Amino acid sequence: MDPLPRVDLFELHDLGHTPAILRTLHTEGIRFMYELTNAARAYARVLSRALTEDGPGADGAGGYTLIDLCSGSGGPLPFVQRELHRQGLHTRIMLTDLVPNVALYQ
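Residues numbered from 1 in each chain as written. Predicted model: local features only at pLDDT ≥ 70, side-chain atom pairs only at ≥ 80, totals over all residues. Heavy atoms only, no water.

## Details of a nonpolar patch on the surface
A cluster of nonpolar side chains, Ile-21, Leu-22 and Leu-25, forms an exposed patch at the surface whose accessible area comes to about 310 Å². Inspection of the secondary structure puts Ile-21 in helix H1 (residues 20–36). Classification of Ile-21 as exposed rests on a relative accessible area of 55%. (Patch = residues over 30% accessible without salt bridge, like charges linked within 9 Å, V, L, I, M, F, W, Y side chains within 5 Å. Areas by Shrake-Rupley, 256 points an atom, 1.4 Å probe, with all protein chains shown as cover. Salt bridge = Lys/Arg side-chain N within 4 Å of Asp/Glu carboxyl O. Helix = DSSP H or I, 4+ residues; strand = E, 2+ residues; numbered from the N terminus. Buried < 20%, exposed > 50% of the residue type's maximum accessible area, 1.4 Å probe, protein only.)

Okay, here's the thing in structure tokens:
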């Protein structure tokens with residue numbers, strides 16, 4: 001069986017010449033959709049199960065570190081984190097992105 005050909009795509013808002021306002025509108029739009037829905041609650045439910053049922057255990061500081069790959073401004077993670085904290089699971093978040101929007105996350 002032949003493997004599928006690799007397709008290299010890019011995200012327009014990650015290009016160097018894309019104006020910052022367009023990057024912000026993109027990531028803020030995603031975050032806003034999570035604010036309108038309960039999707040973060042579903043994500044938190046799955047994460048909570050993974051962390052507590054034979055999970056890796058808390059890190060040395062007594063909590064968990066969630067690493068968000070290609071995070072932009074964190075999207076649903078602040079909502080997921082709030083839900084996990086309500087359940088008694090303390091977390092820290094590490095954002096990773098080519099062009100992170102830390103100000104919007106904070």
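Now that the structure has been shown, the text picks up again.
## Notes on the nonpolar core
Listed in full, the 12 residues of the largest apolar core are Tyr-34, Ala-40, Ala-44, Leu-51, Tyr-64, Leu-66, Leu-77, Phe-79, Val-80, Leu-84, Leu-89 and Ile-93. Counting only elements with at least two residues in this core, the list comes to helix H2 (39–52), strand E1 (64–68) and helix H3 (77–86). In terms of residue count, the dominant contributor to this core is H3 (4 residues). Those residues in contact with Ala-40, other than ones at most four positions away along the chain, are Tyr-34, Pro-76, Phe-79 and Val-80. (Core = buried A, V, L, I, M, F, W, Y, C linked by side-chain atoms within 4.5 Å. Contact = heavy atoms within 4.5 Å.)

## Things to note about the packing of H2 against H3
To characterise two packed helices, one gives the angle between the axes of the helices and the distance between these axes. Here H2 crosses H3 at 55 degrees, and the two axes come no closer than 8 Å. In terms of axis orientation, H2 runs oblique to H3. Judged by the sense of rotation from one axis to the other, the crossing of H2 with H3 is right-handed. Contacts between H2 and H3 involve Ala-40, Arg-41, Tyr-43, Ala-44, Leu-47 and Ser-48 from the first element and Phe-79, Val-80, Glu-83 and Leu-84 from the second. The residue makeup of the contact of H2 with H3, split by class, is 7 nonpolar, 1 polar and 2 charged. (Axes fitted to C-alpha atoms, helices over the stretch in contact; angles between N-to-C directions. Parallel < 35°, antiparallel > 145°, perpendicular 65-115°, else oblique. Left-handed = near helix turned anticlockwise from the far one by under 90°. Nonpolar A, V, L, I, M, F, W, Y, C, P; charged D, E, K, R; others polar.)

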